[in-house]
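As a plain string of letters, each chain reads:
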Amino acid sequence: PATSTLDPTRLQALHDSDLLDSPPEEVFDELTSLAAQLLGVPTALMSLVDSHRQFFKSQAGLGEPWSSARETPLSHSFCQWVVSSKENLVVFDAKQHPVLCNNSAVKDLGVSAYAGVPLIAEPGHVIGAFCVVDSEPKQWTAEEIETLEDLTQIVNAYIGLRQVLDDSETDLSAQ
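All figures in this text were calculated on a predicted structure; none of them were measured in a lab.

*Asks:* How should the overall build of the protein chain be read in this particular structure?
*Replies:* Helix and strand counts for the protein chain come out as seven helices and six strands. At 16 Å, the protein chain has a C-alpha radius of gyration in line with the 16 Å of a compact globule built from 175 residues. The 175 residues of the protein chain split such that 49% are buried. Surface accessibility of the protein chain: about 8500 Å² in total, with carbon and sulfur atoms responsible for 54%. Taken as two groups, the 9 positive and 26 negative side-chain charges of the protein chain have centres that lie 7 Å from each other.

*Asks:* Please explain the sheet that holds strand β1 (residues 43-49) as it appears in this structure.
*Replies:* Two strands in a sheet stick together by hydrogen bonds in their backbones, pointing the same way (parallel) or opposite ways (antiparallel). Pairing is antiparallel across the open sheet formed by six strands, whose spatial order is β3-β2-β1-β6-β5-β4. Of all strands in the sheet, those with a lone pairing partner are β3 (71-73) and β4 (89-91), marking the two edges. Averaged over all adjacent pairs, the angle separating strand axes in this sheet is 25°, with direction ignored. Across nine bridges, strand β5 (residues 113-121) lies against strand β6 (residues 125-134) in antiparallel orientation. Bridge assignment links P118 to a residue of β6, and that residue is A129.

*Asks:* I tried to follow the pairing of β5 on my own but got confused; where do I start?
*Replies:* Each regular strand carries side chains that alternate between the two faces of the sheet. Counting buried positions along β5 gives eight out of nine residues, so the element sits mostly inside the fold. Pairing geometry for β4 and β5, over three bridges, is antiparallel. By the bridge assignment, V91 is partnered in β5 with Y114. Between the end of β5 and the start of β6, which pair antiparallel, lie three residues, with G124 showing a positive phi angle near 95°.

*Asks:* Looking at this model, I keep getting lost on helix α2 (residues 8-16). Mind explaining?
*Replies:* Since there are 3.6 residues in each turn of an α-helix, residues three or four apart along the chain are aligned in direction. Taken residue by residue, α2 has R10, L11, A13 and L14 as its buried positions. Down the axis of α2, the smallest arc covering the buried residues is 155°, so these residues share one side. Two residues or fewer past α2, D18 is found with a positive phi of approximately 60°.

*Asks:* Looking at this structure, how should I read the nonpolar core?
*Replies:* The nonpolar side chains of soluble globular proteins are, as a tendency, buried together. By size, the foremost hydrophobic cluster in this structure holds 27 residues, and its most contacted members are F130, V132 and I159. Those elements giving two or more residues to this core turn out to be α3 (26-39), β1, β5, β6 and α7 (142-174). One finds V49, F56, V83 and A94 within the second-largest nonpolar core, a separate group that totals 22 residues.

*Asks:* I tried to follow α3 on my own but got confused; where do I start?
*Replies:* Taking 1.5 Å per residue, 14 residues should reach 20 Å; α3 reaches 20 Å between its end C-alpha atoms and fits that length. Taken together, the buried positions of α3 are occupied by F28, L31, T32, A35, A36 and L39. Summarising the axial view, the buried residues of α3 lie within an arc of 135°, below the 170-degree limit, and thus occupy one face. Exposed and facing more than 90 degrees away from the buried side of α3 are E26 and Q37.

*Asks:* Whenever I open this one, the packing of aromatic side chains confuses me. Can you help?
*Replies:* For the coordinates displayed, the defined rule picks out two aromatic pairs. The aromatic ring of W140 is capped on one face by K138, whose charged end is 5.2 Å from the ring centroid.

Each value, and the rule that gives it
Residues numbered from 1 in each chain as written. Predicted model: local features only at pLDDT ≥ 70, side-chain atom pairs only at ≥ 80, totals over all residues. Heavy atoms only, no water. Helix = DSSP H or I, 4+ residues; strand = E, 2+ residues; numbered from the N terminus. Rg over C-alpha atoms; globule rule 2.2 N^0.38 Å. Buried < 20%, exposed > 50% of the residue type's maximum accessible area, 1.4 Å probe, protein only. Areas by Shrake-Rupley, 256 points an atom, 1.4 Å probe, with all protein chains shown as cover. Lys, Arg positive; Asp, Glu negative; His and termini not counted. Charge placed at Lys NZ, Arg CZ, Asp CG, Glu CD. Pairing = 2+ DSSP bridges. Axes fitted to C-alpha atoms, helices over the stretch in contact; angles between N-to-C directions. Arc of directions from axis to C-beta. Core = buried A, V, L, I, M, F, W, Y, C linked by side-chain atoms within 4.5 Å. Expected span 1.5 Å × (residues − 1). Phe/Tyr/Trp six-rings, centres within 6.5 Å; stacked < 30°, edge-to-face > 60°. Lys NZ or Arg CZ within 6 Å of the ring centre and 35° of its normal.

Right, here's the structure in full:
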């Protein structure tokens, strides 16, 4: 997925979002906690995919040392595949997946089941994924994926709102 993740216009949209390397925010933390709770999984993440790493703007249930570091290298990222395809990625058992079975997240983080939905920043670039993870294989239901998509719509709406507010503050300060 390197071609898509390294796209300069996508990376610019990611940096312009002002989400990368920013402190945790209650609204995102509440949504990741809600995702884990509603989908009955131990971990939910708001992952932003940069050129060499994924940064966790928000997380619920991620173990150490990853929780404190708030990032992993792309070698540990399923979310980069969401960015490259610009589509949902649903994995029942990563150990059996032909591409993801060798991803370091399987061994180092114990990722087995994964479901991720694209995070969008203006002007329509996929900057990461809102995802849920389980350490056991999981047959995701259509209802669970729909719930994750609904929560991601809220996250995406908030990302868009932040950008509009940032733009209006910039316009006001220029006057």
